[in-house]
Amino acid sequence: MALFDLENQWVFITTNVVAWVVIWSVFELILFDGGLLEAVIPAVVGGLTSGFVLFNLQQNTEK
């Protein structure tokens, strides 16, 4: 049994956004000496975009 039901679109997109925020924040804060807000905004946009695209591609290939 999985911890998250990644077949649910909103769970999939939310986990994708969280992963992007964590990874992007680490890169921004450690490697580029940026601020947290400078990391979170592009990470949320990237996570939402990739989450919707990946979920729709997954749904289209299953048909």
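Here we summarise the structure given alongside this text. Not measured: the values here are computed from a predicted model.

Here we take up unusual backbone geometry. Its identity is not glycine, yet aspartate 33 carries a phi of approximately 50 degrees, on the positive side. By the secondary structure assignment, aspartate 33 is in the loop between helix H1 (9-31) and helix H2 (36-62).

Bringing a nonpolar patch on the surface into the picture now. Taken together, the side chains of Val18, Val22, Ile23, Val26, Phe27, Leu29, Ile30, Leu31, Phe32 and Leu36 define a hydrophobic patch exposed on the protein surface, amounting to about 990 Å² of accessible area. Here the nonpolar patch gets eight residues from one element, more than from any other, and that element is H1. Mapped onto the secondary structure, valine 22 falls in helix H1.

Its location among the elements puts serine 50 in helix H2. Non-local contacts of serine 50, meaning those with residues more than four positions away in its chain, are made with Asn16 and Trp20.

When you line up the elements, threonine 49 lands in helix H2. A relative accessible area of 48% means that threonine 49 is categorised as partly exposed.

Moving on, we get to the environment of leucine 37. Considering the arrangement of structural elements, one finds leucine 37 in helix H2. When its relative accessible area of 62% is taken as the criterion, leucine 37 is described as exposed. Separated by 12 residues in the primary sequence, leucine 37 and serine 25 have C-alpha atoms spaced 8.8 Å apart.

Here we come to the packing of aromatic side chains. Under the counting rule described, the total for this entry stands at three aromatic pairs. Each ring, one from tryptophan 10 and one from phenylalanine 52, has its centre 6.2 Å from the other, and the planes form 85 degrees; the classification is edge-to-face. With a gap of 42 residues between them, tryptophan 10 in helix H1 and phenylalanine 52 in helix H2 connect regions that are remote in the sequence. Taking relative accessible area as the criterion, tryptophan 10 reaches 54% and is therefore assigned exposed. Residue classification places phenylalanine 52 among the partly exposed residues on the basis of a relative accessible area of 32%. On the basis of an interplanar angle of 15 degrees and a centroid distance of 6.5 Å, the ring pair of tryptophan 20 and tryptophan 24 is categorised as stacked. Pair noted here: tryptophan 20 and tryptophan 24 are both in helix H1, with a separation of four residues, about one helical turn.

Scoring rules and cut-offs
Residues numbered from 1 in each chain as written. Predicted model: local features only at pLDDT ≥ 70, side-chain atom pairs only at ≥ 80, totals over all residues. Heavy atoms only, no water. Helix = DSSP H or I, 4+ residues; strand = E, 2+ residues; numbered from the N terminus. Patch = residues over 30% accessible without salt bridge, like charges linked within 9 Å, V, L, I, M, F, W, Y side chains within 5 Å. Areas by Shrake-Rupley, 256 points an atom, 1.4 Å probe, with all protein chains shown as cover. Salt bridge = Lys/Arg side-chain N within 4 Å of Asp/Glu carboxyl O. Contact = heavy atoms within 4.5 Å. Buried < 20%, exposed > 50% of the residue type's maximum accessible area, 1.4 Å probe, protein only. Phe/Tyr/Trp six-rings, centres within 6.5 Å; stacked < 30°, edge-to-face > 60°.

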